[in-house]
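Residue-level listing of the chains:
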2 protein chains.
Amino acid sequence: MKIAYILFHEITLLDFFGFYDPIKNIRSLGFREDLAWDTCAMSPSIKDSFGLEIMVDKVKPHLTGYDMIFVPGGYGTRPLQHDAEFIGWLKTAQDVPYKVSVCTGSLLLGAAGFLHGKAATINFKEYDALRPYCQEVLTSRIVDDGNTITAGAVTSSLDLGLYVCEKLVGKEKTELIRQGMDYHAGEYELVQRNI
Amino acid sequence: MKIAYILFHEITLLDFFGFYDPIKNIRSLGFREDLAWDTCAMSPSIKDSFGLEIMVDKVKPHLTGYDMIFVPGGYGTRPLQHDAEFIGWLKTAQDVPYKVSVCTGSLLLGAAGFLHGKAATINFKEYDALRPYCQEVLTSRIVDDGNTITAGAVTSSLDLGLYVCEKLVGKEKTELIRQGMDYHAGEYELVQRNI
């Protein structure tokens, strides 16, 4: 199970790290030794809107070999959805089994054509922006349509991370991960289709 | 109001970014133009336990000029609490008005002598490790003893970030930040002393 974390300039970093933390705990707790990941971007490093810089493992790798792509949100997604080079790169993930996004990351999954005929969600302020890319926009916090999994605004990344943990290691081990994080989710709506 | 984010190798990145996100929204939403920050460390970049690398703004700056230091947790805190050079550097924050930590970051505040005579908290698995450094270890999620503010395990960083937002911009603006993050905290215990 190898994940490509898709990073870009003007990312919202909590979209990424809210997901990254529970997932990396699968490794920290020894639940799956085969779990690995790369941070991937169009450049050797990326910066958020305030200049915080993260180094990237792989520059524009072909994404076919990964089992999951994860796309966070942020202001950067608005221009990137119309950036032919970036979207062309993202499309190399066409055959990747799990396609996952938080917040406006779903605009990028959409622009790559991955939401065609699917239900999906996005940050609650951006429902209209997502409509052209998918069959149906839902207001649920997490929407899983056949392992294309989209989530809502920033902190839904934590719920999404734990949801994907359940898929990878099951409910009992995920509960141990949640306890270690001392995370207490509010109730939220999850929609699952074609699973 | 200038914050020094104290980073180090083997950091738990969600400890940092769970706090960083609500705080940076004070700027994103235009609530305080005077709010600024630097990431600070003993080296030009730091890596978490899985090699994820973050570039640092200032290497070992004297911390006197900052208004707040923020110290996250992670495996790196265990050796660092006994590292004379690191603790010597952290002690330059002696006169900084706000001293804030998440998780095992409180071990570093403690080793620098900042918890002497104070109540404090830490990750729920590490209460015993904190006892030598403070007057009283509390099991509350957030403990604010005279603007020395410690919080519990990883996701308490989000609650702590919003708590500090309240101090900086008040309840109403903090509620707007929370809404934007779509964050729904579980109920938790906050202890305030000497405020």
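This text goes with the structure placed above it.
The following refers to the structure shown. (Residues numbered from 1 in each chain as written. Chains lettered and ligands numbered in written order. Predicted model: local features only at pLDDT ≥ 70, side-chain atom pairs only at ≥ 80, totals over all residues. Heavy atoms only, no water.)

### Some remarks on the layout of surface pockets
Then, in step 1: By volume, the largest pocket is sized at about 530 Å³.
Then, in step 2: Residue lining of the largest pocket: 28 residues in total, with Asn-25 and Gly-180 of chain A together with Tyr-75, Asn-123 and Lys-125 of chain B positioned closest to the centre.
Then, in step 3: The element best represented in the lining of the largest pocket is helix 7 (residues 171-181) of chain A, accounting for five residues.
Then, in step 4: Across the lining of the largest pocket, the residue classes break down as eleven nonpolar, nine polar and eight charged.
Then, in step 5: Its boundaries defined by the atoms lining it, the second largest pocket holds a volume of some 460 Å³.
Then, in step 6: Surrounding the second largest pocket, 25 residues form its lining, Thr-12, Tyr-75 and Asn-123 of chain A together with Lys-24 and Asn-25 of chain B being those nearest its centre.
Then, in step 7: A per-class count over the lining of the second largest pocket returns ten nonpolar, eight polar and seven charged. (1 Å grid on protein atoms, 1.4 Å probe; cavity = no way out; pocket = protein on both sides within 12 Å on 5 of 7 lines; lining within 4 Å. Points joined across faces, edges and corners; volume = space filled by probe spheres on them. Helix = DSSP H or I, 4+ residues; strand = E, 2+ residues; numbered from the N terminus. Nonpolar A, V, L, I, M, F, W, Y, C, P; charged D, E, K, R; others polar.)

### Some points on the environment of Asp-95 of chain B
All names here are of chain B.
Then, in step 1: For Asp-95, the position within the fold is in the loop between helix 3 (84-90) and strand 7 (98-102).
Then, in step 2: Taking the relative accessible area as the measure of exposure, Asp-95 reaches 64% and is therefore exposed.
Then, in step 3: C-alpha of Asp-95 to C-alpha of Tyr-20: the two residues are 75 residues apart in sequence and 22 Å apart in space. (Buried < 20%, exposed > 50% of the residue type's maximum accessible area, 1.4 Å probe, protein only.)

### Quick word on the pattern of salt bridges
Then, in step 1: This model, assessed by the stated rule, comprises 24 salt bridges over all chains.
Then, in step 2: Ionic pairing is found between Asp-21 of chain A and Lys-24 of chain A, a salt bridge with its closest N-O pair at 3.5 Å. Of this pair, Asp-21 of chain A and Lys-24 of chain A both sit in helix 1 (residues 13-28), three residues apart, roughly one helical turn. Just as Asp-21 of chain A is buried, Lys-24 of chain A falls in that class too.
Then, in step 3: Three or more residues joined by partner-sharing salt bridges are found here, namely Arg-141 and Asp-159 of chain A together with Asp-182 of chain B. (Salt bridge = Lys/Arg side-chain N within 4 Å of Asp/Glu carboxyl O.)

### So, the pairing of strand 7 of chain B
Residues and elements named next belong to chain B.
Then, in step 1: Most of strand 7 sits out of view: five of its five residues are buried.
Then, in step 2: Side chains Tyr-98, Val-100 and Val-102 project from strand 7 onto one buried face, and the interleaved Lys-99 and Ser-101 project onto a second face that is buried too.
Then, in step 3: Sheet topology note: the strand 6 (residues 68-71)/strand 7 ladder contains four bridges and is parallel. By the bridge assignment, Met-68 is partnered in strand 7 with Tyr-98.
Then, in step 4: Two strands pair when backbone bridges link them, and strand 7 and strand 11 (residues 148-151) are joined in this way by four bridges, in the parallel orientation. (Pairing = 2+ DSSP bridges.)

### Describing the relation of the copies chain A and chain B
Then, in step 1: In the superposition of chain A on chain B (RMSD 0.0 Å, axial shift 0.0 Å), the rotation amounts to 180°. Here the copies are linked by what is in effect a two-fold axis. Taking C-alpha positions as the reference, the residue of chain A nearest the rotation axis is Ile-54 of chain A, at 2.3 Å. (Least-squares fit on C-alpha atoms with pLDDT ≥ 70 in both.)

### Some thoughts on helix 1 (residues 13-28) of chain B
Residues and elements named next belong to chain B.
Then, in step 1: When the terminal C-alpha atoms of helix 1 are compared, their 21 Å separation across 16 residues agrees well with the 22 Å that a helix rising 1.5 Å per residue should span.
Then, in step 2: At Tyr-20, helix 1 shows its maximal bend, which comes to roughly 30°, and the proline Pro-22 appears one to four places after that position.
Then, in step 3: In terms of burial, helix 1 is largely enclosed, as 14 of its 16 residues are buried.
Then, in step 4: Two residues or fewer past helix 1, Gly-30 is found with a positive phi of approximately 75°. (Expected span 1.5 Å × (residues − 1). Bend = angle between axes of the 7 residues up to and from the residue.)

### So, the interface of chain A and chain B
Then, in step 1: Taken together, the contacts link 33 residues of chain A with 33 residues of chain B.
Then, in step 2: Of the roughly 2,800 Å² buried at the junction of chain A and chain B (both faces included), carbon and sulfur atoms supply 66%.
Then, in step 3: Along the contact surface separating chain A from chain B lie two salt bridges.
Then, in step 4: The tally of links between chain A and chain B comes to eleven residue pairs in polar contact (both at pLDDT 80 or more).
Then, in step 5: Secondary structure elements with two or more residues in the side of chain A that touches chain B: helix 1, strand 2 (36-41), strand 4 (53-55) and helix 7 of chain A.
Then, in step 6: A total of ten residues in the side of chain A that touches chain B trace back to one element, the largest contributor, which is helix 1 of chain A.
Then, in step 7: Tallied by class, residues from the side of chain A that touches chain B come to 16 nonpolar, nine polar and eight charged. (Contact = heavy atoms within 4.5 Å. Buried area = accessible area lost by both parts, 1.4 Å probe. Polar contact = N/O pair within 3.5 Å; in protein donor to acceptor, adjacent residues only side chain to side chain.)

### Brief notes about the state of the cysteines
Then, in step 1: The full count for this structure, using the stated rule, is zero disulfides over all chains.
Then, in step 2: In this structure Cys-134 of chain A is a free cysteine whose sulfur lies 15 Å from that of Cys-103 of chain A, the closest cysteine sulfur available. (Disulfide = S-S within 2.5 Å.)

### Brief notes about the side chain of Ser-156 of chain A
Residue and element names in this part refer to chain A.
Then, in step 1: Tracing the chain through its elements places Ser-156 in helix 6 (residues 156-169).
Then, in step 2: Of note is the side chain of Ser-156, whose polar atom sits 2.9 Å from the backbone oxygen of Gly-152.
Then, in step 3: Apart from residues lying up to four places away in sequence, Ser-156 is in contact with Val-102, Arg-141 and Ala-151.

### A closer look at the sheet that holds strand 2 of chain A
Think of a sheet as strands paired side by side through backbone hydrogen bonds, with each pair either parallel or antiparallel.
All names here are of chain A.
Then, in step 1: A sheet is described by the order of its strands in space; here eight strands give the open sequence 5-2-1-6-7-11-10-12, paired in mixed fashion. The sheet terminates laterally at strand 5 (58-59) and strand 12 (190-193), the two strands that pair on one side only.
Then, in step 2: Pairing geometry for strand 1 (residues 2-6) and strand 2, over five bridges, is parallel. Directly across from Ala-4, in strand 2, lies its bridge partner Asp-38.
Then, in step 3: Together, strand 6 (68-71), strand 7 (98-101), strand 10 (142-145), strand 11 (148-151) and strand 12 form the strand contacts of helix 6, whose direction differs from that of strand 11 by roughly 155°. (Axes fitted to C-alpha atoms, helices over the stretch in contact; angles between N-to-C directions.)

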